[in-house]
Amino acid sequence: MCSDLSCFHERLLCIFDTMKILIKNIKTLVGIHDVSVQKVSGEEMAKLPCINDAWLAIDEGKIADYGSMENFPGIEDWRFLEVIDAAGKFVLPSWCDSHTHMVFAGTRESEFVDKINGLSYEEIAKRGGGIVNSAELLRNTSENDLYESALMRLNEVIKNGTGAVEIKSGYGLNLESELKMLRVIKRLKEVSPIPIKSTFLGAHSFPAEFKSNRDAYVDLVVKEMIPAVAAEELADYVDVFCDRGFFDVEQTERILSAAGSYGIKPKIHANELDYSGGIQVGVKHRAVSVDHLEFTADNEIEELLNSNTMPTLLPSTAFFLGFDYPPARKIISSGLPLALASDYNPGSSPSGKMSFVISLACIKLRMLPEEAINAATLNGAYAMELQHEVGSIAHGKRGNVIITKEIPSLAYIPYSFTADLIDKVIVNGNVF
């Protein structure tokens, strides 16, 4: 009997040995978008192209073909072919989770109790809790221990249907520890069967030693951290927590400009706690996404409409912290696209289960099941610039799909929000 972690390592070694897979008799094949479709916006988000009574073929880790069982062409070569009968089951593209913090040391359930006792997120942070608490734990944890725990979380989210993920640093808050986190993410990329994007989030909070001189910490991020991150090519993106009590617009601009000089694109934590200007600065710097958006004004929607930036909502964070939910209906009605992500982290969203995020999007954000699934697949892929690789059923994309258990309808997925509805997860053409 092997440990969970050693078993995961063995599966990783096997999963790169791809085989042919035929999934037949699929009740409904969901999320068929031509590979040229990069995202869906506005009223198009409610349209989720499907084929009933379908088949799907995966070869060499890629989606080779699909169609109706009525027009199934048959099989000429059965060698190395695994056939899966999906009668009564749905097949969907895997979830694309574009915002996580899954490299961390230790949990924060004591702060969970503090919240129950009435302390706010900001009050906990002022007492040395929150992100600063996680930073202290992480600084005292070895790179190998961080890697082993993060690898277990990666295994967990893959088993729950995630087929692409972004992971941020931000719990180091000094040069050595931020680099340590990013090196862990690099190691995860090297063994992961799913695509991973890495984000440098040194501007996640102000460490205790810079509490009375915040601009000096921005200097550290700009003059030391970003050059070191760029020298080791550790980050696909840079992120800043631009919000009340954290980094202001001017500080955010300095950081994004410095990262831009090294060719590192931005993603922004924006408007979680207040109207912060984070959306505007993100659009100005052509951010790939602006995330959270609990506070979103009409003029900010106009800014986003004139950009290619993906608005990304994290409803499990609002759920866990008891915040107001972001105005998804208003954003979609304006004609914008939306992505959904888990914000998996130890303090404000200690779960990477995307099916629950989809349920919250329907229950609390009033999104239709089709809108939520588009947001968690194709639009999530766009928020990581992976839309040509994952996020939909399309010829040539990765064979990363979810096979559900027998369920009556697509709406049953968000409706049955505590149920485990996954029968199989396929990654790169292998059953994971």
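Given the structure is predicted, the values throughout are model-derived calculations rather than measurements.

K.L.:
For this particular structure, what's the right way to read the sheet that holds strand 6 (residues 95-97)?
P.N.:
Within a beta sheet, neighbouring strands are joined by backbone hydrogen bonds and run either parallel or antiparallel to one another. Overall, parallel pairing links the 8 strands, which are arranged 6-7-8-9-10-11-12-13 in an open sheet. The sheet is open, and its two borders are formed by strand 6 and strand 13 (339-340), each paired with just one other strand. Direction of pairing for strand 10 (residues 265-270) relative to strand 11 (residues 289-292): parallel, over a ladder of 4 bridges. Its bridge partner being in strand 11, alanine 270 is matched across the sheet by histidine 292. Against the sheet, helix 13 (residues 354-363) engages strand 6, strand 7 (162-168) and strand 13, with an angle of about 90° to strand 6.

K.L.:
What's the story with the layout of surface pockets in this structure? I'm lost.
P.N.:
One simple way to see leftover space: roll a probe sized like a water molecule over the atoms. Considered as a void within the structure, the largest pocket measures approximately 460 Å³ in volume. As for the largest pocket, its lining consists of 22 residues, of which Ala125, Lys126, Ser205, Arg214 and Gly245 are closest to the centre. When contributions to the lining of the largest pocket are tallied by element, the ones reaching two or more residues are helix 2 (109-116), helix 3 (121-126) and helix 4 (130-139). Within the lining of the largest pocket, the residues separate by chemical class into 9 nonpolar, 6 polar and 7 charged. In this structure, the second largest pocket spans a volume of roughly 270 Å³.

K.L.:
Sorry if this is basic, but what is going on with a nonpolar patch on the surface here?
P.N.:
On the surface, a cluster of nonpolar side chains totalling about 280 Å² of accessible area is made up of Phe112, Val113 and Ile116. With respect to the element layout, phenylalanine 112 can be found in helix 2. The class of phenylalanine 112 is partly exposed, set by a relative accessible area of 38%.

K.L.:
Just to check I follow, could you spell out the packing of aromatic side chains for this structure?
P.N.:
The description of an aromatic ring pair uses the distance of the two centres, along with the angle that the planes make with each other. Enumeration over the complete set of coordinates arrives at 11 aromatic pairs. Relative to phenylalanine 247, the ring of phenylalanine 206 has its centre 4.1 Å away and its plane inclined at 25°; by these criteria the two rings are stacked. Of the two residues, phenylalanine 206 sits in the loop between strand 8 (196-203) and helix 7 (214-231) while phenylalanine 247 sits in the loop between strand 9 (237-242) and helix 8 (249-260), which places them 41 residues apart along the sequence. Since its relative accessible area comes to 1%, phenylalanine 247 is described here as buried. Connected via pairs of aromatic rings, a cluster forms that spans Phe206, Phe210, Tyr217 and Phe247.

K.L.:
Can you help me understand the environment of proline 414 in this one?
P.N.:
Turning to its location among the elements, proline 414 is positioned in helix 16 (residues 412-415). Between the C-alpha atoms of proline 414 and valine 281, which are 133 residues apart in sequence, the distance is 34 Å. If we skip the residues at most four places from it in the chain, proline 414 touches Ile358, Ser359, Cys362 and Pro369.

K.L.:
Just checking my understanding: could you explain the pattern of salt bridges for this structure?
P.N.:
One side chain can pair with another of opposite charge once the charged atoms of both are near each other. As enumerated under the stated definition, the model contains 16 salt bridges in all. The partner of glutamate 166 in a salt bridge is lysine 168, with the nearest N and O atoms 2.6 Å apart. Accessibility expressed as a relative area gives 0% for glutamate 166, which makes it buried. A salt bridge links aspartate 298 to lysine 330; the nearest nitrogen and oxygen atoms lie 2.8 Å apart. Remark: lysine 330 occurs in helix 12 (residues 328-333) and aspartate 298 occurs in helix 10 (residues 298-305); sequence separation between them is 32 residues. We classify aspartate 298 as exposed; its relative accessible area is 51%. Judged by relative accessible area, which is 36%, lysine 330 ranks as partly exposed. Linked by salt bridges that have partners in common, Lys89, Asp423 and Lys424 make up one network.

K.L.:
Can you help me understand the pairing of strand 1 (residues 20-30) in this one?
P.N.:
Sheet faces and side chains relate simply in a regular strand, where the side chains alternate between the two faces. Bridge count for strand 1 against strand 4 (residues 81-85) is 5 bridges, and the pairing is parallel. Each residue of the ladder has a partner; that of lysine 24, found in strand 4, is aspartate 85. The pairing of strand 1 with strand 2 (residues 50-59) spans 7 bridges and is antiparallel. Residue pairing across strands places isoleucine 26 opposite alanine 54, the latter belonging to strand 2. Across 2 bridges, the pairing between strand 1 and strand 5 (residues 89-93) is parallel. Across the sheet, leucine 29 pairs through a bridge with valine 91, a residue of strand 5.

K.L.:
Is there a simple way to explain the environment of glycine 399 in this structure?
P.N.:
By the element assignment, glycine 399 lies in the loop between helix 15 (378-382) and strand 14 (401-406). Along the primary structure glycine 399 and glutamate 111 are separated by 288 residues, whereas in three dimensions their C-alpha atoms are 40 Å apart.

Conventions we followed
- Throughout, residues of each chain are indexed from 1 in the direction in which the sequence is written.
- This being a predicted model, a pLDDT of at least 70 is required before a residue's local features are given, and a value of 80 or more before pairs of side-chain atoms are given or counted; all residues contribute to the totals for chains, interfaces and linings.
- Computation of side-chain values covers all heavy atoms of the structure but excludes hydrogens and water.
- A pair of strands is considered paired only if DSSP assigns at least 2 bridges between the two.
- We count a stretch as a helix when DSSP gives it H or I for four or more residues in a row; a strand needs E for two or more, and each element gets its number in order from the N terminus.
- Throughout, a residue-residue contact means that at least one pair of heavy atoms, one from each residue, lies within 4.5 Å.
- Axes, fitted as lines to C-alpha atoms, cover a helix only where it is in contact. Angles between the N-to-C directions of the axes lie from 0 to 180 degrees.
- Only protein atoms enter the 1 Å grid used here, on which a cavity is any set of points holding a 1.4 Å probe that cannot leave and a pocket is any open set flanked by protein within 12 Å on both sides along at least five of seven lines; residues with an atom within 4 Å of a point are listed as lining.
- Grid points are joined across faces, edges and corners, and a volume is the space filled by probe spheres set on the points.
- Residues are grouped as follows: nonpolar covers Ala, Val, Leu, Ile, Met, Phe, Trp, Tyr, Cys and Pro; charged covers Asp, Glu, Lys and Arg; every other residue, Gly included, is treated as polar.
- Put simply, a patch holds well-exposed residues, over 30% relative accessible area, that have no salt bridge, with like charges counted together within 9 Å and Val, Leu, Ile, Met, Phe, Trp or Tyr side chains within 5 Å.
- To measure how exposed things are, a 1.4 Å probe is used in the Shrake-Rupley method; for residues, cover is taken only from the protein chains shown.
- Any Lys or Arg side-chain nitrogen located within 4 Å of an Asp or Glu carboxyl oxygen qualifies as a salt bridge.
- Three exposure classes are used, based on accessible area relative to the maximum for each residue type with a 1.4 Å probe and protein chains only: buried under 20%, partly exposed in between, and exposed over 50%.
- Ring geometry is summarised as follows: Phe, Tyr and Trp rings, the Trp one being its six-membered ring, pair when their centres sit within 6.5 Å, and such pairs are stacked at plane angles under 30 degrees, edge-to-face over 60 and tilted between the two.

Without other data, these values stay purely geometric and don't point to any function.
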